[in-house]
Amino acid sequence: SQWGEENLQALSIQEGEDVTMNCSYKTYTTVVQWYRQKSGKGPALIILIRSNEREKRSGRLRATLDTSSQSSSLSITGTLATDTAVYFCATGPNSGTYQRFGTGTKLQVVP
Amino acid sequence: EAAVTQSPRNKVTVTGGNVTLSCRQTNSHNYMYWYRQDTGHGLRLIHYSYGAGNLQIGDVPDGYKATRTTQEDFFLLLELASPSQTSLYFCASSDRTGNTEVFFGKGTRLTVV
């Protein structure tokens, strides 16, 4: 994928631990979206960070964006077993050009 | 609540067969998308549309046709299915494209034997 990509990773952690997932992209983007896909479901947006923001928080989620290095991260604090899912980043340069999704990070949180 | 409904949810077909996957959205969104999801490749865009009668190619369009008949309905057609098209297919919609939330259906598991 040209835009919005991260290496496919599989992470297994214990419930209660914190975790950070990374996304790097190759071209200009105005937003980075993070999606979560639980087993048997379609992806759903969990947090969106714009290019003029360096950090965005939502509950236990924290997203960062570094436009100079073209990278974003998603952190989850105090993970729960229900956080088990595949997490995707998606980027797009502007409205009118479709977003592209990364390969995803598979997170397993063990109770 | 925004809704994207796909049918069928599971489909098995033979090599060379014809398959049509259906998608309906009730979000009043302009954009609709078809993605395939494969391990190691994430979500890859096949085709998308910004309105009835419009069709745009995505990143992996070969072997697929699509048609947007109405604002609500978007179809993906495999006219000569091949085993390489065995995948999980998602339909999605969004108000704009590029930098807004995309709403996904629950997916269609297609197996070509």
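Bear in mind that the values here come from a model prediction, so they are computed numbers and not experimental data.

1. Regarding the sheet that holds strand β3 (residues 19–25) of chain B
Residues and elements named next belong to chain B.
In step 1: Strands sit in the order β1-β3-β8-β7 across an open sheet of four strands; the sheet is antiparallel. Every interior strand has two partners, whereas the edge strands, β1 (4–7) and β7 (65–68), have only one. Adjacent strand axes in the sheet meet at a mean angle of 15 degrees when their direction is disregarded.
In step 2: Relative to β3, β1 runs antiparallel, the two being bridged by four bridges. The residue of β3 that forms the bridge with V4 is Q25.

2. Some points on the layout of surface pockets
In step 1: Approximately 590 Å³ is the volume found for the largest pocket.
In step 2: Looking at the largest pocket, it is lined by 25 residues, and the ones nearest its centre are A:Q37, A:V86, A:K106, B:Q37 and B:T39.
In step 3: Counting residues per element, the ones that place at least two in the lining of the largest pocket are β1 (9–14), β8 (85–92) and β10 (105–110) of chain A together with β4 (31–38) and β9 (87–94) of chain B.
In step 4: Looking at the lining of the largest pocket residue by residue, the class counts come to eight nonpolar, 11 polar and six charged.

3. Some words on unusual backbone geometry
Residue and element names in this part refer to chain B.
In step 1: Between S7 and the following residue, P8, the backbone shows a cis peptide bond with an omega angle of -10 degrees.
In step 2: As for its position among the elements, P8 is in the loop between β1 and β2 (10–13).
In step 3: With a phi angle near 60 degrees, S28 is a residue other than glycine that sits in the positive phi range.
In step 4: Within the secondary structure, S28 sits in the loop between β3 and β4.
In step 5: A relative accessible area of 60% means that S28 is categorised as exposed.

4. Comments concerning the pairing of strand β8 (residues 73–78) of chain B
All names here are of chain B.
In step 1: Summarising the sheet, β3 and β8 pair through six bridges and their orientation is antiparallel. Paired with R24 across the bridge in β8 is D73.
In step 2: By the bridge criterion, four bridges tie β7 to β8 in an arrangement that is antiparallel. Bridged to T67 within β8 is F75.
In step 3: Two successive antiparallel strands, β7 and β8, enclose a turn made up of four residues.

So, how was this worked out
All residue numbers refer to position in the chain's written sequence, counted from 1. Starting at A for chains and at 1 for ligands, labels are handed out in the order in which the entities are written. Local features are withheld for residues below a pLDDT of 70 in this predicted model, meaning they are given only at 70 or higher, and side-chain atom pairs are given and counted only at 80 or more; totals for whole chains, interfaces and linings count all residues. To get the side-chain values, take all heavy atoms of the structure and skip hydrogens and water. When DSSP locates at least two bridges between a pair of strands, those strands are taken to pair. Strands here are runs of E lasting at least two residues and helices are runs of H or I lasting at least four, both read from the DSSP assignment and numbered beginning at the N terminus. Each axis is a line fitted through C-alpha atoms, taken for helices only over the stretch in contact, and angles between the N-to-C directions span 0 to 180 degrees. Buriedness of a pocket was judged along seven lines, with at least five required to meet protein on both sides within 12 Å; pockets are open sets of points on a 1 Å grid over the protein atoms alone, cavities are sets where a 1.4 Å probe fits but cannot get out, and lining residues have an atom within 4 Å of a point. Grid points are joined across faces, edges and corners, and a volume is the space filled by probe spheres set on the points. Only Asp, Glu, Lys and Arg are considered charged, only Ala, Val, Leu, Ile, Met, Phe, Trp, Tyr, Cys and Pro nonpolar, and every remaining residue, Gly among them, polar. Residue burial is assigned from relative accessible area. The probe radius is 1.4 Å, only protein chains are included, and a residue is buried under 20% of its type maximum, exposed over 50%, and partly exposed in between.

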